[in-house]
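Observations on the model geometry
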Amino acid sequence: MNVLILGSGGREHTLAHQISKSPKCEKLFVAPGNAGTLLCATNIELDIIDFKEVAKAVQANEINLLIVGPEAPLVEGIKDYFDEKEEFKNLKIIGPSKRGALLEGSKERAKEFMKTYQVPTAAYQSFSKDTLEAGKQFLSGMKPPYVLKADGLAGGKGVLILKNLSEAQHELENMLTNNKFGKASEKVVIEEFLDGIELSVFVLTDGKNYLILPNAKDYKRIGEGDTGLNTGGMGAISPVPFADEAFMKKVDEKIVRPSIDGLHKEAIDFTGFLFIGLMKVGDEPFVVEYNVRMGDPETEVVIPRIKNDLLDVLSRTAEGKIQDIQLEVDSKHAATVMMVSGGYPEAYEKDKIISGLDKVEERSDVFICHAGTKSKNDQVLTNGGRVIAVTAFGDTFQKALVKAYQNAEHIEFDKKFYRKDLGKDLV
Ligand code: AMP
Ligand code: GLY
């Protein structure tokens, strides 16, 4: 089978690495990829939002399976684009249709969907420019902290949590009338604050049946002790120690089953990953958000724990035959530490030489995942805020973290930074 993965981060490198091990994999491509994906696949330089370019690459390389990594092409309708064309009728795609992707593309849509199918989530109301005054009133009737969410995609930055009422009212106005997040904040969802601990649950579905993949916890803030600005993710562990069997049963019954049934009922073509951000409040799960793709850096700890042939799992899912798959999960714990460029998530420099990658032992329980790198004249250079994720395995998450940190020490680049406190909140 010939496979094309779209994206250029740690998620895509991890997927490519796992798929390259499959005996069913003939040719593997990543577009645009990074210096890591070059080690296990062929990179294709293209703009993944330009579907015509993607289609050319699919045709030229006789691709059988297309895996869409990030949300933007999904929200723009890449699945529908290929489905509408006769010449691609045999192309299998991992990634939902545009209607499915709206669960991530619009917070208002996601909340309405949850309400319809009685999926537990924070109480909410949504507002637009025309209802700004009603929104301010609504805020004054709520208890702090106040949660404001831009409706559309805002690169993970569209959520504000504010302690003070007048500040919340001011920010609501900023979002609705001053385009604080551009078009994404033409509508704003105001919701009740959920006081609990977060985790992520990953579901692979063919739109009817589903598999619950290993769960994970990521570390979002840049600073130790979970302080400072939000990032794409500074590290992750899997499994989540506080998500025991009884809790996961509730997640399945109260959240996953009704969500998939809702998609099915609305005849939404949803083949791919549903990533559910949850808050555990007491012993109860509540949905914070849906994403229609895998998480990054969660992929780096979730996917390597799956023992099945990943390509076989994904191609059967794309054929609508997920019910035949018996998922086998490694009991080992996985941890990943994200090494970032100094300054990230604000301005940072690129093109720094990365050294020491060869000092990391080649072994089955450590994996160097490239997140933002590029290859130039036989050197590996930094090419993003998040640069390298070091994943390791162990009998406990603490042991996995020790091993990931030991290996991260070997890797050098100017102004490198990583959080050294991962997992400390869990003991
Ligand atoms: P989202 O983009 O919806 O995942 O929100 C980003 C982050 O804001 C989440 O990961 C949570 O840490 C936080 N958050 C979002 N909604 C709530 C809520 N209702 N209560 C508490 N924290 C929230
Ligand atoms: N790590 C969070 C995300 O991928 O959205």
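Heads up: these notes are all about the structure in this document. Here the structure is a predicted model, which means the values were calculated and not measured. Counting restarts for each chain: residues are numbered from 1 in the order of the written sequence. Chains carry letters and ligands carry numbers; both start at the beginning, A for chains and 1 for ligands, and go up in the order they are written. At least 70 in pLDDT is required for a residue's local features to be given in this predicted model, at least 80 for side-chain atom pairs to be given and counted, and no such filter applies to totals for whole chains, interfaces and linings, which use all residues. In computing side-chain values, all of the structure's heavy atoms are included and hydrogens and water are not.

**Focus on the pairing of strand S18 (residues 333–341)**
Spelled out, the test is: Burial status follows relative accessibility: with a 1.4 Å probe on protein chains alone, a residue under 20% of its type maximum counts as buried, one over 50% as exposed, and anything between as partly exposed. Think of it this way: any DSSP run of H or I at least four residues long counts as a helix, any run of E at least two long counts as a strand, and we number them from the N terminus. Two strands qualify as a pair provided DSSP detects at least 2 bridges between them.
Here S18 lies mainly inside the structure; nine of its nine residues are buried. The pairing of strand S15 (residues 235–238) with S18 spans four bridges and is antiparallel. Residue pairing in the sheet places Ile 237 in a bridge with Ala 335 of S18. As paired elements, S18 and strand S22 (residues 386–394) share eight bridges and run antiparallel to each other. Residue pairing across strands places Met 338 opposite Ala 389, the latter belonging to S22. As judged from the two bridges shared by S18 and strand S23 (residues 416–417), these two strands associate in the antiparallel manner. Considered in S23, the bridge of Ser 341 is made with Lys 416.

**Points about the environment of Lys 403**
Applied cut-off: By definition, residues are in contact when any of their heavy atoms lie within 4.5 Å.
With respect to the element layout, Lys 403 can be found in helix H12 (residues 397–408). When its relative accessible area of 17% is taken as the criterion, Lys 403 is described as buried. Counting along the chain gives 233 residues from Lys 403 to His 170, while the straight-line C-alpha distance between them is 46 Å. Look past the residues within four positions of Lys 403 in its chain and what remains in contact with it is Arg 363, Asp 365, Val 366, Ala 392, Phe 393 and Gly 394.

**So, the sheet that holds strand S5 (residues 92–94)**
What counts, and what does not: A fitted line through C-alpha atoms serves as each axis, taken over the contacting stretch for helices, and the angle formed by two N-to-C directions is quoted from 0 to 180°.
Spatial ordering of the open sheet is given by S3-S2-S1-S4-S5, a layout of five strands whose pairing is parallel. The sheet is open, and its two borders are formed by strand S3 (42–43) and S5, each paired with just one other strand. Inspection of the sheet shows strand S2 (residues 27–32) paired to S3 by two bridges, in the parallel sense. Its bridge partner being in S3, Val 30 is matched across the sheet by Asn 43. Those strands touched by helix H11 (residues 310–318) are strand S1 (2–7), strand S4 (65–68) and S5, and its axis lies near 110° from that of S5.

**Describing the side chain of Arg 11**
Assignment of secondary structure puts Arg 11 in helix H1 (residues 10–20). Beyond its immediate chain neighbours, meaning those up to four positions away, Arg 11 contacts Gly 69, Pro 70, Arg 293, Met 294, Gly 295, Asp 296, Thr 299 and Glu 300.

**Digging into the site of ligand 1**
Where we set the bar: Working definition: residue near molecule or strand if any one of its non-hydrogen atoms lies within 4 Å of it. Within 3.5 Å is the distance limit for a polar contact, defined as a pair of N or O atoms, with the added protein rule that one can donate a hydrogen and the other accept it, and that residues adjacent in sequence qualify only through two side-chain atoms. With residues, only the protein chains shown are counted as cover, and all accessible areas are computed by Shrake-Rupley using a 1.4 Å probe. Residues are grouped as follows: Ala, Val, Leu, Ile, Met, Phe, Trp, Tyr, Cys and Pro are nonpolar; Asp, Glu, Lys and Arg are charged; all remaining types, including Gly, are polar.
Near ligand 1 lie 15 residues; those nearest to it are Glu 191, Glu 192, Leu 194, Glu 198 and Glu 289. Note that an oxygen atom of ligand 1 is positioned 3.0 Å from one of the side-chain N or O atoms of Lys 107. Measuring from an oxygen atom of ligand 1, one finds a side-chain N or O atom of Glu 289 at 2.9 Å. Out of a free accessible area of 470 Å², ligand 1 has 90% covered by protein chains. Looking at the shell around ligand 1, the elements that each hand over two or more residues are strand S7 (146–150), strand S8 (159–162) and strand S17 (284–291). A per-class count over the shell around ligand 1 returns eight nonpolar, no polar and seven charged.

**So, helix H2 (residues 51–60)**
Just so we agree on the cut-off: Arc definition: it is the arc formed by the directions from the helix axis to the C-beta atoms.
Buried residues of H2: Phe 51, Val 54, Ala 55, Ala 57 and Val 58, and no others. Looking straight down H2, one finds that the buried residues subtend no more than 160° of arc, so they occupy a single side. What points out from H2, more than 90 degrees from its buried face, is the exposed set Lys 52, Lys 56 and Ala 60. Check the buried side of H2 and you find it contacts S1, S4, helix H3 (71–75) and helix H4 (78–83). Note on H2: the residue one or two positions beyond its end, Glu 62, has a positive phi of about 45°.

**Things to note about the site of ligand 2**
Around ligand 2, the surrounding shell consists of Asp 218, Gly 232, Phe 275, Arg 293, Gly 295, Asp 296, Pro 297 and Glu 298. For ligand 2, whose free accessible area comes to 200 Å², the fraction covered by protein is 84%. Looking at the shell around ligand 2 residue by residue, the class counts come to two nonpolar, two polar and four charged.

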